[in-house]
Amino acid sequence: MTIKEIVSFEELYNRDLTNAVKKNVQKYTDKQGNPQEFSLEYLSWSYGWREMKRIDPEASEKVHEFPMFDNQFRMIEGVTVPYLKTPQGFFVRNTVTFQGKAETEWLPIVEKAKYPVSNPNSFQINTSNCKGPR
């Protein structure tokens with residue numbers, strides 16, 4: 001199967017990228033967590049996005065923005081942020097369009113792959129956005 005023959009999300013999802021990353025696995029994969037407790041090994045976002053763009057150069061992503069509120073929960077007029085603050089925690093929302101089909105996901109802002117962050121910094125927000133439906 002050539003890159004241009006992949007026509008659906010399901011085919012992309014099931015695509016074996018082993019050969020694409022086999023030459024230097026450490027360069028293309030990231031590990032997160034403590035192996036004794038909980039760990040993940042996954043294709044780095046940037047390389048996964050590269051593979052999508054090779055298949056569909058028109059693929060796009062959107063990081064949704066939300067009104068910003070002060071500490072008294074008053075909306076700050078004209079200011080938006082790339083996260084949503086709720087009583088349950090902080091979330092990001094992302095939409096990826098691939099071959100004309102849009103997929104949207106809500107993701108919690110977490111650290112160490114599973115712990116909610118009560119006051120996220122810009123790095124944690126960006127990291128959560130890079131885990132979207134890509």
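Each remark here, short or long, concerns the structure printed above.
In short, a report on the structure. Predicted, not measured: the structure shown is a model, and the values here were computed from it. (Residues numbered from 1 in each chain as written. Predicted model: local features only at pLDDT ≥ 70, side-chain atom pairs only at ≥ 80, totals over all residues. Heavy atoms only, no water.)

## So, helix α5 (residues 122-129)
- Among all positions of α5, only Q124, I125, S128 and N129 are buried. Buried positions in α5, seen along its axis, are confined to an arc of 140° and lie on one side of it. When the buried face of α5 is taken as reference, the exposed residues oriented beyond 90 degrees from it are S122 and F123.
- The elements touched by buried residues of α5 are β3 (60-63), β7 (89-98), β8 (101-108) and β9 (110-111).
- The residue sitting at the N-terminus of α5 and contributing the capping side-chain oxygen is N121; that oxygen lies 3.0 Å from the backbone nitrogen of F123. (Buried < 20%, exposed > 50% of the residue type's maximum accessible area, 1.4 Å probe, protein only. Helix = DSSP H or I, 4+ residues; strand = E, 2+ residues; numbered from the N terminus. Arc of directions from axis to C-beta. Contact = heavy atoms within 4.5 Å. Polar contact = N/O pair within 3.5 Å; in protein donor to acceptor, adjacent residues only side chain to side chain.)

## Details of the pattern of salt bridges
- Scanning the entire structure with this criterion turns up 2 salt bridges.
- In this structure, R74 and D70 form a salt bridge, with 2.9 Å as the shortest nitrogen-oxygen distance.
- With a closest N to O distance of 3.0 Å, K101 and E103 form a salt bridge.
- A residue is classified by how much of its surface remains accessible, and K101, at 47% relative accessible area, is partly exposed.
- Residue classification places E103 among the partly exposed positions, given a relative accessible area of 29%. (Salt bridge = Lys/Arg side-chain N within 4 Å of Asp/Glu carboxyl O.)

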